[in-house]
Amino acid sequence: MTDSRAGRAKAEISFTVNGQAKTVRAYPMARLLDVLRQQLQLTGAKEGCGEGECGSCSVLIDGMLVNSCLVPVLQAEGSSIVTIEGLAPAETLHVMQEAFLHCGGAQCGICTPGMILAACHLLEEKPEPTMEEIREGLAGNLCRCTGYSQIVEAVAEAAGRRTTA
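Residues numbered from 1 in each chain as written. Predicted model: local features only at pLDDT ≥ 70, side-chain atom pairs only at ≥ 80, totals over all residues. Heavy atoms only, no water.

To continue, consider the packing of helix H2 (residues 95-103) against helix H3 (residues 112-125). Interhelical geometry of H2 versus H3 gives an angle of 125° and a closest axis separation of 10 Å. Looking at the two axes, H2 sits oblique to H3. Like other packed secondary-structure pairs, H2 and H3 cross with a definite hand, here right-handed. Contacts between H2 and H3 involve Met-96, Gln-97 and Phe-100 from the former and Thr-112, Met-115, Ile-116, Ala-119, Cys-120 and Leu-123 from the latter. Its residues placed into classes, the contact of H2 with H3 shows seven nonpolar, two polar and no charged. (Axes fitted to C-alpha atoms, helices over the stretch in contact; angles between N-to-C directions. Helix = DSSP H or I, 4+ residues; strand = E, 2+ residues; numbered from the N terminus. Parallel < 35°, antiparallel > 145°, perpendicular 65-115°, else oblique. Left-handed = near helix turned anticlockwise from the far one by under 90°. Contact = heavy atoms within 4.5 Å. Nonpolar A, V, L, I, M, F, W, Y, C, P; charged D, E, K, R; others polar.)

Laid out in structure tokens, this is it:
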């Protein structure tokens with residue numbers, strides 16, 4: 001018979017978050033979202049649904065957009081994570097954040113960090129997306145405030161700024 005407590009022991013898990021090496025002590029199956037918010041005080045990722053349906057908790061892991069509420073922290077071992085807090089250097093805004101502000105794409109703030117990271121991920125894949133590609137790129141993120149038009153407009157504006165810069 002095996003000891004069932006062995007799988008429930010906390011472990012040291014190391015990764016890079018927003019360019020800084022971090023080691024946390026957590027249960028391996030703890031949600032990355034909870035570790036980011038509670039242990040590392042990175043509260044930008046929000047818990048909207050806790051089921052991977054809304055995208056409010058989105059972060060980039062090794063360049064891939066993921067719902068951090070679905071990722072066990074152990075899966076992040078050795079990876080590079082970017083949260084909304086690490087998108088731009090301190091005291092500055094990323095071009096996407098500026099576009100969201102300019103276009104009114106940020107309202108209540110619950111979906112905004114995930115939307116912005118999803119939009120940045122989209123522009124890495126498709127620097128000059130069509131409006132349909134923008135809608136598809138944001139499809140995993142839900143917003144209850146804007147009706148999406150301001151968000152889509154913000155992504156298009158940010159894409160235009162990037163191509164003219």
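That shown, we press on.
This next bit is on unusual backbone geometry. The phi torsion of most residues other than glycine is negative, and most of the peptide bonds are trans. The phi angle at Asn-18 is positive, at roughly 50°, despite the residue not being glycine. Tracing the chain through its elements places Asn-18 in the loop between strand S1 (11-17) and strand S2 (20-26). The phi torsion at Glu-91 lies on the positive side, around 70°, for a residue other than glycine. Relative to the assigned elements, Glu-91 resides in the loop between strand S5 (80-82) and H2.

This next bit is on the pattern of salt bridges. Tallying each qualifying case throughout the model produces six salt bridges. The salt bridge involving Arg-31 is made with Glu-47; its shortest N-O contact spans 2.7 Å. One end of the pair, Arg-31, is in the loop between S2 and helix H1 (32-39); the other, Glu-47, is in the loop between H1 and strand S3 (58-61), with 16 residues separating them in the sequence. Salt bridges sharing common partners tie together Arg-31, Asp-34 and Glu-47. (Salt bridge = Lys/Arg side-chain N within 4 Å of Asp/Glu carboxyl O.)

Met-96, Phe-100, Met-115, Ile-116, Leu-138 and Val-155 are the most contacted members of the largest nonpolar core, which totals 25 residues. Top contributing element to this core by residue count: H3, with eight residues. In this view, Leu-138 contacts Met-115, Ala-118, Ala-119, Ile-151 and Val-155; residues no more than four positions away in its chain are not counted. Core analysis: the second largest hydrophobic core is formed by 20 residues, Leu-36, Val-59, Val-71 and Ala-76 among them. (Core = buried A, V, L, I, M, F, W, Y, C linked by side-chain atoms within 4.5 Å. Buried < 20%, exposed > 50% of the residue type's maximum accessible area, 1.4 Å probe, protein only.)

Note that every value here comes from positions in space, so none of it alone points to a role or purpose.
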